[in-house]
Amino acid sequence: MITKTYQIEPRNWVATHADYLYAYAIARINDEEQAKDLVQDTFLAALQKVDKFEGKSSERTWLTAILKYKIIDVYRKKSSGLVANADVQRAEQEESDFFEPEDGHWTREHAPASFGIDDHDPVVNKELNNILQKCMQKLPALWLSIFTMKHMDDQSTDAICSELKLTQSNFWVIIHRTKLNLRACLQKNWI
Amino acid sequence: MGPLKKIVYNCHKATFLIEKKLIGRITLREEIELRIHLFGCGVCRIYQRQTKKITGMIRQLFADSANSEKHLDDTFKKDLQGKIENELDKN
């Protein structure tokens with residue numbers, strides 16, 4: 001049996017993989033300076049463990065795995081300790097804005113109504129996308145990290161919870177609250 | 001009020017189940033409760049339709065940004081190349 005063994009060529013990394021890794025990072029953290037730092041950190045960290053490269057996966061796959069770990073680290077830092085607690089609490093508390101505390105009915109102010117989102121016109125949809133992007137940028141860091149891991153990388157709920165050190169219950173509260181928030185933000189900014 | 005009756009009138013719980021069902025699993029009992037609620041609640045039916053569409057839009061936005069052609073500037077690359085060469089020459 002012949003197994004392909006991949007080679008490693010650190011002197012070609014920048015030319016071959018830097019743009020790819022940069023695009024990968026920026027799609028997930030949306031901050032150019034931080035994405036640059038992550039690419040550099042990834043290469044420097046990889047140099048330290050070149051001797052551990054076994055050639056079973058391609059160089060790019062190997063580098064991407066290192067970068068991925070660093071991105072989760074950024075998510076974790078952004079949402080660790082006090083910040084995370086505050087984000088979870090915010091999710092729990094603000095639900096009372098949307099629903100009556102006694103019976104769980106929609107509050108008059110927040111009850112969903114039909115608006116442009118129910119339209120199928122591509123021009124309308126494009127405008128909605130722009131608004132949605134702005135609404136997403138206003139989300140707390142932890143909420144957005146969860147959404148990115150779930151909807152960009154299709155990670156399992158268990159994996160997200162263990163990587164961000166969240167309970168399942170907090171995870172679902174945040175998912176629920178994020179969607180309530182985004183939907184309301186879209187309706188509010190839709191003219 | 002029994003648990004079944006509770007959800008029949010509870011939009012908070014119903015929207016929670018709508019979200020859970022979209023990306024995870026809900027139990028058969030929850031599924032039945034949710035259907036009864038949606039049958040009688042037009043506002044949550046609107047919510048369900050809109051939130052499904054929002055999930056689709058979010059996935060599309062993420063997919064677009066994952067495929068975008070972002071490039072590093074040459075100065076940064078040159079500098080980075082230098083740092084890598086330095087590290088390699090140390091050994």
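Residues numbered from 1 in each chain as written. Chains lettered and ligands numbered in written order. Predicted model: local features only at pLDDT ≥ 70, side-chain atom pairs only at ≥ 80, totals over all residues. Heavy atoms only, no water.

S.K.: Account for the pattern of salt bridges, with residues named and values stated.
M.R.: Applying the stated criterion across every chain, the model contains 17 salt bridges over all chains. The closest approach of N and O atoms between Glu 31 of chain B and Lys 21 of chain B, which form a salt bridge, is 3.3 Å. Taken as a pair, Glu 31 of chain B in helix H3 (residues 28-40) and Lys 21 of chain B in helix H2 (residues 11-23) lie far apart in primary sequence, 10 residues in all. A relative accessible area of 14% places Glu 31 of chain B in the buried class. Through salt bridges with shared partners, one network takes in Arg 11 of chain A together with Glu 85 and Asp 89 of chain B. (Salt bridge = Lys/Arg side-chain N within 4 Å of Asp/Glu carboxyl O. Helix = DSSP H or I, 4+ residues; strand = E, 2+ residues; numbered from the N terminus. Buried < 20%, exposed > 50% of the residue type's maximum accessible area, 1.4 Å probe, protein only.)

S.K.: Quick rundown of unusual backbone geometry? Include the residues and the values.
M.R.: Glycine aside, residues mostly have negative phi, and peptide bonds are mostly found in the trans state. Residues and elements named next belong to chain A. Of note, the phi angle at Asp 154 is positive, near 50 degrees, even though the residue is not glycine. Topologically, Asp 154 is positioned in the loop between helix H6 (141-151) and helix H7 (157-164). For Lys 165, which is not a glycine, the phi torsion comes out positive at approximately 55 degrees. Looking at where Lys 165 falls in the secondary structure, it is placed in the loop between H7 and helix H8 (168-189). Accessibility expressed as a relative area gives 66% for Lys 165, which makes it exposed.

S.K.: Break down the environment of Gln 168 of chain A for me, with residues and values.
M.R.: Residue and element names in this part refer to chain A. In this structure, Gln 168 sits in helix H8. We classify Gln 168 as partly exposed; its relative accessible area is 36%. C-alpha of Gln 168 to C-alpha of Gly 116: the two residues are 52 residues apart in sequence and 33 Å apart in space. In this structure, Gln 168 is in contact with Thr 157, Asp 158 and Cys 161, ignoring residues within four places of it in sequence. A polar contact is formed between the side chain of Gln 168 and the side chain of Asp 158, at a distance of 2.6 Å. (Contact = heavy atoms within 4.5 Å. Polar contact = N/O pair within 3.5 Å; in protein donor to acceptor, adjacent residues only side chain to side chain.)

S.K.: I'd like a rundown of the interface of chain B and chain A, residues and numbers included.
M.R.: It is common to give the size of an interface as the accessible area that goes away when the parts come together. Contacts between chain B and chain A engage 43 residues on the former and 53 residues on the latter. Buried area between chain B and chain A, summed over both chains or domains, comes out near 4,700 Å², and the portion from carbon and sulfur atoms is 67%. Three residues, Ile 23, Gln 50 and Phe 62 of chain B, lead the burial of chain B against chain A; their summed loss comes to 14% of the area buried on that side. Taken together, chain B and chain A are joined by 24 residue pairs in polar contact (both at pLDDT 80 or more). Contributions of two or more residues to the side of chain B that touches chain A are made by H2, helix H4 (42-66) and helix H5 (74-90) of chain B. Considering every element that reaches the side of chain B that touches chain A, the biggest residue donor is H4 of chain B, with 17 residues. (Buried area = accessible area lost by both parts, 1.4 Å probe.)

Shape descriptors only; they carry no functional weight alone.
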